[in-house]
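# Structure assessment
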Amino acid sequence: MANIVELRPGAVAVIVVDNPPVNALKQAVRAGLRDAFTRARDDAGIHAIVLTAAGRTFMAGADITEFDKPPQPPGLVEVFDLMEASKKPIVAALFGTPLGGGLEVALTCHYRVAAPTTRLGLPEIKLGILPGAGGTQRLPRLIGVDKALPMILSGDPISAQEALANGLVDEIVEGDVTEGAIAFARRLLAEKAPLKRARDMEDKLKPYRDNPKLYDEVVAKSAKRTRGLAAPAAAIECVRWSFEKPFDEAERGVREAFQKLREGDQSKAQRHIFFAEREAAKVPDIPASTKPRDIKRAAVIGAGTMGGGISMCFANAGIPVTIIETSQEALDKGLATIKRNYENTVKRGGLKADEMERRVKLMTGTTDLAAGVREADIVVEAVFEDMGLKKEVFGKLDKLAKPDAVLATNTSYLNVNEIGKATARPPSVLGMHFFSPANVMRLLEIVRGAETAPDVLATAIAVGRKIGKVPAVVGVTHGFVGNRMLHARGIEAERMLLEGALPQDVDGALTEFGFPMGPFGMGDLAGLDVGWRVRKASGAKAEIADALVDAGRYGQKTGKGFYKYEGGSRSPTPDPDVEKLIVEASVRHGVKRRNLDRKEIFERLIFPLINEGARILDEGIAMRPGDIDVIWVYGYGWPVWTGGPMHYADRVGLSYIRDRLAEIAARAGNNPKLEPSPLLMRLADSGGTFAGLKKAA
Ligand code: 3HC
Ligand code: NAI
């Protein structure tokens, strides 16, 4: 086995970290770095040191798997003390993604050179923590408070070019970055260049020391939505200390803040999602070596809401895509919407005009199905939600598509096996369930049919990743995982209106928890007529929602639904007319309205959803509780800092949820959907957890 940290001696010695896949700074790496820097210090033949890594990236951060365990010495600070005491220049040779603790190591070097494709960042905030090893103090000194704070609060990386411009790196080198760094170090020696220690740099802090109010402006500009989150507030404080306190005192405070966040529930939840996201696309019975099919060209059938967004996903990833519609008019309309979406992004500064042109050029439209799918390696169907129509389309695809093409349906609810049977090649068929707006939402539920071939599944996962989605593999059931659970959330929503709550009370219970919107706001956004049409077809009823649609209140599109939307606004305002309609319905039912508190409302919405998640797990429709959490965080706006429904349920306690569900079910006339599910009962009775299921498996 290669050394985890190797010291290659020479006048310019090279220290190489080799801890695949991302050179995370686990204990053995930290110990190796300490030893290597000590040896380099003591070796009189060494005059300068280049620090780099093997494999695909410079260190991409602390080892997140260690965060659940007590800290193991040496800490990074011990390594940094050695580096900063060095009389010999240390140059970081950066490539790949120097992130988090990895970038903090680089910040402690005297100089930094980078390969042109390097992306540098401090993503700790995305894990509910903050840069705990000098990032909040050294970065502001190097690039200025106004540039450092946005990097720390967004967690997003910057390019090598931006890093060169703002002083984070000293040089971009073409070709072998280690060789480039060695040449750079030789020049430093020849020029007897000073040892530049970020901790000693004061220039960029001075304006803030002279006028601390300047910082409030930087905070106001950089802080995004931070409601309910502990890490951003702590990070803002820590960066303030960079100009308020001496370096070492500030760093002691930072370490305390870091430990507190690391041990807190929010970071635990966010770390859970980090690993669950990576696991959700792994299918135990499909070996990792399964080769995905080569995807050079895609076709999307239907240029409506979803088809347009899905086509954009392909074009954004550089995959040429043909969009197929039934009429030229529908096609033109769909293509115009896509163009408008891109233009809006360009206007907002999110995309360069030439890049938009490049993407639009990758799209072609046609009304000729045969011509449209002939060359495609993957076809995604996004026509109306109608089984008859879907079968007809797949029947045609069977005859027209390439023999090895992957055939995917974007259906929200329908049986993927039945759709597959409309072809003579069910192994090539699966569901790729995108979420609206498809070009924005990260989740991709990949629905594995009974006969879906392993390499077809592997292809869908690989394509999903390529187009920037978070794939989660699920089985066939009505509504798959997300929509089936969403349905369970809705059961009690309308009943609560009749009992005494108003739409804003119900939605408020969820937005207070961290959801971007509640069930009624979401209904208004999607259009109340959609559900109404489904209910009419199946004979189902939803008294309040049906009455609203009958009154012409379709939601945001008509300016009125459960709320009113004045002057084209997208923000809901409670409407006395709706309150009147609800109160009258209560009277009709002979219900004496009462006050429902937030806790009751929240539990009646969320516990049935968790219960349905347990059923889904029990049936094997979802492979792991973490998969369900990923689906809810990336597809339905579940607040990431609570870790998704199953993680959250474990925290609340399953026996509490079981007891509450039993009460809710009894009050709802023993509605079997609300009865605690067998898995929930089993786990609650035995003191188990959903997380424990995975370990037991
Ligand atoms: N610690 C432990 N494991 C890590 C890790 C880390 N920091 N980063 C990635 N991994 C693991 C992943 O879990 C995955 O494991 P698996 O193969 O068993 O599923 C494997 O490495 C490969 O990761 P990806 O699938 O994500 O690979 P990509 O090439 O798509 O992405 C990456 C690489 C951009 C580095 C991405 O993994 C990433 O963003 N990692 C996290 C970076 C991060 O958050 N760093 C900060 C950590 S906190 C910190 O440094 C605190 C400090 O301030 C003290
Ligand atoms: P839509 O009504 O906006 O678009 C459907 C498009 O398909 C229309 O433009 C129509 O002209 C076209 N079409 C119909 N038959 C066709 C055919 N034979 N060949 C080519 N084009 C045809 O519908 P939307 O919302 O885009 O939904 C499409 C599918 O995506 C449905 O199965 C839906 O359940 C699913 N879905 C919808 C989501 C949403 O939020 N709207 C979310 C996830 C999935």
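### A look at the domain arrangement of the chain
Here the chain is described as being made up of domain 1 (1-121 + 157-196), domain 2 (124-155 + 205-263), domain 3 (298-480), domain 4 (483-500 + 596-697) and domain 5 (515-593). Domain 1 and domain 5 are separated by 59 Å when their C-alpha centres are compared.

### Some points on the site of ligand 2
As a matter of local geometry, ligand 2 sits amid 21 residues, with Met306, Glu325, Glu385, Lys390 and Ser412 nearest to it. Measuring from an oxygen atom of ligand 2, one finds a backbone N or O atom of threonine 305 at 2.9 Å. Protein chains shield 76% of the accessible area of ligand 2, which is 830 Å² for the free molecule. Listed by contribution, the elements that provide at least two residues to the shell around ligand 2 are α13 (305-316), α17 (387-400) and β14 (429-434). With 3 residues, the top contributor of residues to the shell around ligand 2 is α17. Of the residues belonging to the shell around ligand 2, the class tally is 9 nonpolar, 9 polar and 3 charged.

### Notes on the packing of aromatic side chains
Counted according to the given criterion, the structure contains 17 aromatic pairs. Summarising the aromatic geometry, the rings of phenylalanine 513 and tryptophan 638 are spaced 5.5 Å apart at their centres and angled 85° between planes, so their arrangement reads as edge-to-face. Of the two residues, phenylalanine 513 is situated in helix α21 (residues 503-513) and tryptophan 638 in the loop between α27 (625-635) and α28 (645-652); the sequence distance between them amounts to 125 residues. In this pair, the class of phenylalanine 513 matches that of tryptophan 638, namely buried. Through a chain of ring-to-ring contacts, three or more aromatic side chains come together here, namely Phe435, Phe513, Phe515, Phe602, Trp632, Tyr636, Trp638 and Tyr648. Across from the ring centre of tryptophan 241, 4.5 Å away, lies the NZ or CZ of lysine 245, which sits over that ring. Over the aromatic face of phenylalanine 515 sits the side chain of arginine 489, whose NZ or CZ is 5.6 Å from the ring centroid.

### As for the side chain of glutamate 84
Position of glutamate 84 relative to the elements: it lies in helix α2 (residues 76-85). Look at glutamate 84 and you get buried, because its relative accessible area is 6%. In terms of polar contacts, glutamate 84 uses its side chain to reach the side chain of arginine 138, at 3.0 Å.

### Comments concerning the packing of helix α20 (residues 482-499) against helix α22 (residues 519-526)
The axes of two packed helices give the description: the angle between them and the distance between them. The N-to-C vectors of α20 and α22 enclose an angle of 105°; their axes lie 10 Å apart at closest approach. Taken together, the axis directions place α20 and α22 in an arrangement best described as roughly perpendicular. Counting all contacts with α20, which are made through Leu486, Arg489, Ala493, Glu494 and Leu497, the residues of α22 involved are Pro519, Phe520 and Met522. Split by residue class, the contact of α20 with α22 holds 6 nonpolar, no polar and 2 charged.

### As for the site of ligand 1
In the neighbourhood of ligand 1, 25 residues make up the surrounding shell, with Gly101, Glu104, Glu124, Arg278 and Lys282 lying closest. Alanine 62 has a polar backbone atom sitting 2.8 Å from a nitrogen atom of ligand 1. A distance of 2.6 Å is found between an oxygen atom of ligand 1 and a side-chain nitrogen or oxygen belonging to lysine 282. Burial of ligand 1 by the protein chains amounts to 71% of its free accessible area of 990 Å². Mapped onto the shell around ligand 1, the elements with two or more residues apiece are α3 (101-108) and α12 (265-279). Class assignment for the residues of the shell around ligand 1 results in 14 nonpolar, 5 polar and 6 charged. Looking at the shell around ligand 1, you find at least three residues from each of domain 1 (1-121 + 157-196) and domain 2 (124-155 + 205-263).

### Some details on the pairing of strand β12 (residues 378-381)
Of the two faces of β12, the one holding Ile378 and Val380 and the one holding Val379 and Glu381 are both buried throughout. Inspection of the sheet shows strand β9 (residues 298-301) paired to β12 by 4 bridges, in the parallel sense. Bridge assignment links valine 300 to a residue of β12, and that residue is valine 380. Two elements, β12 and strand β13 (residues 406-409), share 4 bridges in a ladder whose sense is parallel. Across the sheet, isoleucine 378 pairs through a bridge with valine 406, a residue of β13. Taking the sense of rotation as the criterion, the β-α-β connection linking β12, α17 and β13 turns out right-handed.

### Digging into the sheet that holds β9
Taken together, the 8 strands give an open sheet; going across it, the order is β11-β10-β9-β12-β13-β14-β15-β16, and neighbouring strands pair in mixed fashion. The strands lining the two open edges of the sheet, one partner per strand, are β11 (363-366) and β16 (470-474). If you compare each strand with its neighbour and ignore which way they point, the axes differ by 25° on average. Sheet topology places strand β15 (residues 443-447) next to β16; 5 bridges connect them, and they run parallel. Bridge pairing in β16 links leucine 444 to proline 471. Contacts between helix α14 (residues 328-347) and the sheet are confined to β10 (321-324) and β11, with β11 contributing the most and set at about 160° to the helix.

### Comments concerning the nonpolar core
Core analysis: the biggest nonpolar cluster contains 92 residues, and Leu33, Phe37, Leu51, Leu168 and Tyr215 have the highest contact counts within it. Both domain 1 (1-121 + 157-196) and domain 2 (124-155 + 205-263) contribute no fewer than three residues apiece to this core. With residues near it in sequence (within four places) discarded, tyrosine 215 still touches Val145, Leu149, Tyr208, Ile236, Val239, Arg240 and Phe243. If you look at the next biggest cluster of nonpolar residues, it comprises 87 residues, including Phe394, Phe520, Tyr636 and Leu654.

Parameters and conventions
- Residues numbered from 1 in each chain as written.
- Chains lettered and ligands numbered in written order.
- Predicted model: local features only at pLDDT ≥ 70, side-chain atom pairs only at ≥ 80, totals over all residues.
- Heavy atoms only, no water.
- Domains from an automatic or database assignment.
- Near = heavy atom within 4 Å.
- Polar contact = N/O pair within 3.5 Å; in protein donor to acceptor, adjacent residues only side chain to side chain.
- Areas by Shrake-Rupley, 256 points an atom, 1.4 Å probe, with all protein chains shown as cover.
- Helix = DSSP H or I, 4+ residues; strand = E, 2+ residues; numbered from the N terminus.
- Nonpolar A, V, L, I, M, F, W, Y, C, P; charged D, E, K, R; others polar.
- Phe/Tyr/Trp six-rings, centres within 6.5 Å; stacked < 30°, edge-to-face > 60°.
- Buried < 20%, exposed > 50% of the residue type's maximum accessible area, 1.4 Å probe, protein only.
- Lys NZ or Arg CZ within 6 Å of the ring centre and 35° of its normal.
- Axes fitted to C-alpha atoms, helices over the stretch in contact; angles between N-to-C directions.
- Parallel < 35°, antiparallel > 145°, perpendicular 65-115°, else oblique.
- Contact = heavy atoms within 4.5 Å.
- Pairing = 2+ DSSP bridges.
- Right-handed = clockwise from strand over helix to strand, strands pointing away.
- Core = buried A, V, L, I, M, F, W, Y, C linked by side-chain atoms within 4.5 Å.

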